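Structural features, examined
If you want the building blocks of each chain, they are given just below.
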Amino acid sequence: MSVDSNSVTQLARATIGTSSSEQTEFRTGRRTYTHQFDELYAQRLNALKPAVEQVAAQRWSKVKPTASVLNVDGSHATYVVGTLFIDSGNKPSTLHQVENERWITDVHGTQYREAEDVIVYLEDESGRIRLVGDRISNMILASGIVAGVLGVETDNGDFEVADVCFAGMAPQKMRPVFEEDRFIVLVSGLGATPEQPVTLAMQLLAETLCGTLGASELQAKMARVAQVVLVGDTIHVPPAPLGHADDARANDRAAVARLAAQVDDYLADIAACMPLVIMPGAKDPADTSLPQQPLPLGLFRRCAQYSGFSTVTNPTTIQLDGLQLLGSSGQNIDDLSRYSKEPAAKLAVASLRWRHLAPTAPDTLWCYPFTTHDPFVLTSSPHVYFIGSQSKHESVWTQGEDGQETRVVMVPRFSDTSQVVLLNMRTLECSTLDILS
């Protein structure tokens, strides 16, 4: 099924002057995995430590800091800055994965901090110290966060924590002012499979976006769409069988090629109507480690004919007429949910305050071993932070100490909910559109 091309050309779309560009901090070029991850942790600590120290000095102005973890002196209260590490028996083991002949284990729902043997450490280049106390037990924390901790060393060498601080939200550019309503459509988890490359809900979505379906009010709104963003899991590639190295089925990519061609035909109808950006996700035919690189344009030969179509990284940052958007296909928040039972939106807000997109990488989330910098460190707070592949839609505002304001948007899986999110660029208000209702 496809959208009638005659109907598409008859759609009276509003003229919208839109300038869109993808930033390049998440593009890695040729990947090599010959380096260790200690360099990534060192770059993260070096990048965030000054900001955390500044917050700590203001918050605990009457307390003398300690320069490094191993210099903590139990004779007086102090604070020190380092990287958190959470040790837990519930965390995945690479050795166990090898024993079970499984390199990617689905541990969704496993709570790392519910194990009886959970230990929280603070680390820096000098060593580590164990953190104890109710303050630590009751906070949203995860491995890889750079934090400052206030407390006192106990007789047995642990650090009794009285308070914790983080870098806080990064500086933010001024938000642009738009005179008229313009919309960004966020779609996640189309979930095209070889068995169902284009579902009824997907077809109705395309017709709605292209203005050939829906009431006149909805069609008028679709005519003011400045960008459609597919936030991961567009093409659901089935996993290779166990023992895949010796299984010919794993090397038969004909079905995947046919699926990609069918999805390309489907998306080309949308790309003909409006700018379309596609991000890779956990189930797409892309590398597993973050940041995922753009899906090859060769998968979208028809879409690539349109100037408004592009494939971007995951995570990604997009500038849309001065509006700064930061997007993730959801793996970073899914992994954080294994450290805390708080709602996904609250975890996303926390990551902005930690000033880091994916602190659990590389500990429990696969990522590339960067050596010169940590691209997941936030140097600028976005105006909009959207996260895909979520069970339901949520939308919250969060504010920083210096007046930063960010709209955090959780984008539901379309294959499960038939919902997409409409974001008003003028007001940053969100609404959902249920295609099947």
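Residues numbered from 1 in each chain as written. Predicted model: local features only at pLDDT ≥ 70, side-chain atom pairs only at ≥ 80, totals over all residues. Heavy atoms only, no water.

Some thoughts on the packing of aromatic side chains
We count it as follows: Here the aromatic set is Phe, Tyr and Trp, taking the six-membered ring for Trp, and pairing holds for ring centres within 6.5 Å; pairs whose planes are under 30 degrees apart are stacked, those over 60 apart are edge-to-face, and all others are tilted. A run of H or I in DSSP becomes a helix once it reaches four residues, and a run of E becomes a strand once it reaches two; helices and strands are each numbered from the N terminus. Burial status follows relative accessibility: with a 1.4 Å probe on protein chains alone, a residue under 20% of its type maximum counts as buried, one over 50% as exposed, and anything between as partly exposed.
In the structure shown here, the tally under the stated rule is six aromatic pairs. Here the aromatic rings of Trp 60 and Tyr 79 are separated by 5.3 Å at their centres, their planes lie at 55 degrees, and the arrangement is tilted. Of this pair, Trp 60 sits in the loop between α2 (38-59) and β2 (78-87) while Tyr 79 sits in strand β2; the two residues are 19 residues apart in sequence, bridging distant segments of the chain. An identical accessibility class is assigned to Trp 60 and Tyr 79; each is buried. Every member of this aromatic cluster is reached through a ring pair, and the members are Phe 26, Tyr 368, Phe 370 and Phe 376.

A closer look at unusual backbone geometry
Omega for the bond connecting Leu 290 with Pro 291 falls within 30 degrees of zero, at -5 degrees, which places this linkage in the cis form. The topology assignment puts Pro 291 in the loop between β9 (276-279) and β10 (309-311). A cis geometry characterises the amide bond from Asn 314 onward to Pro 315, with omega recorded as 0 degrees. For Pro 315, the position within the fold is in the loop between β10 and β11 (316-320). Positive phi values are uncommon outside glycine, yet Asp 321 reaches one of about 50 degrees. The residue Arg 355 is not glycine, and still its phi comes out positive at about 65 degrees. With respect to the element layout, Arg 355 can be found in the loop between α9 (344-354) and β13 (384-390).

Details of the environment of Leu 45
Note on placement: Leu 45 falls in helix α2. For Leu 45, a relative accessible area of 6% puts it in the buried group. Taking C-alpha positions, Leu 45 is 7.8 Å from Asp 124, a pair spaced 79 residues apart along the chain.

Quick word on helix α7 (residues 254-271)
We apply this condition: By this rule the span expected of a helix is its residue count minus one, scaled by 1.5 Å. By definition in these notes, contact holds between two residues if any of their heavy atoms fall within 4.5 Å.
The end-to-end C-alpha distance of α7, which contains 18 residues, comes to 25 Å, matching closely the 26 Å that a straight helix rising 1.5 Å per residue would cover. Within the sequence span of α7, burial applies to Val 256, Leu 259, Ala 260, Val 263, Asp 264, Tyr 266, Leu 267, Ala 268, Asp 269, Ile 270 and Ala 271. The elements touched by buried residues of α7 are α5 (200-209), β8 (225-231), β9 and β10.

Here we look at the sheet that holds strand β3 (residues 119-124)
Under the convention used in this document: By this definition, two strands are paired if DSSP reports at least two bridges between them. Helix axes use the C-alpha atoms of the stretch in contact, all axes being lines fitted to C-alpha atoms, and the angles between their N-to-C directions lie in the range 0 to 180 degrees.
Sheet architecture is closed into a barrel: five strands sit in the order β2-β3-β4-β6-β5, paired in mixed fashion. For this sheet, the mean inter-axis angle between neighbouring strands, taken without regard to orientation, is 55 degrees. Bridge count between β2 and β3: five bridges; the pairing is antiparallel. Paired with Thr 83 across the bridge in β3 is Glu 123. Helix-sheet contacts for α2 involve β2, β3, β5 (146-153) and β6 (159-165), and the interaxial angle to β2 is about 135 degrees.

Looking at the sheet that holds β8
Strand order in this open sheet of six strands is β10-β9-β8-β7-β16-β17, and the pairing throughout is mixed. Two strands lie at the open edges of the sheet, namely β10 and β17 (430-434), each paired on one side alone. Neighbouring strand axes in the sheet, compared pairwise and without regard to direction, differ in orientation by 20 degrees on average. Bridge analysis of strand β7 (residues 183-187) against strand β16 (residues 419-424) gives four bridges, and the strand direction is antiparallel. Counterpart to Phe 183 in the pairing with β16 is Asn 424.

Quick word on the pairing of β13
Counting buried positions along β13 gives seven out of seven residues, so the element sits mostly inside the fold. As paired elements, strand β12 (residues 323-328) and β13 share four bridges and run parallel to each other. Directly across from Leu 326, in β13, lies its bridge partner Tyr 385. Sheet analysis places β13 next to strand β15 (residues 405-412), joined by five bridges and oriented parallel. Considered in β15, the bridge of Phe 386 is made with Val 409.

Let's talk about α9
Across the eleven residues of α9, nine count as buried, placing the element largely inside the fold. Of the positions making up α9, those classed as buried are Ala 344, Ala 345, Leu 347, Ala 348, Val 349, Ala 350, Ser 351, Leu 352 and Trp 354. Taken together, the buried residues of α9 touch α2, α8 (331-336), β13, β14 (394-399) and β15. Once α9 ends, the next one or two residues include Arg 355, with phi positive near 65 degrees.

Description of the nonpolar core
Heads up, the rule is: The set of buried Ala, Val, Leu, Ile, Met, Phe, Trp, Tyr and Cys residues whose side-chain atoms join them within 4.5 Å is what this entry labels a nonpolar core.
By size, the foremost hydrophobic cluster in this structure holds 50 residues, and its most contacted members are Leu 131 and Ile 333. With eight residues, the top contributor of residues to this core is α9. For Ile 333, the residues in contact, after removing those within four places along its chain, are Ala 344, Leu 347, Ala 348, Tyr 385, Ile 387 and Met 410. Val 185, Leu 190, Ala 260 and Ala 268 belong to the second-largest nonpolar core, a separate cluster that totals 40 residues.

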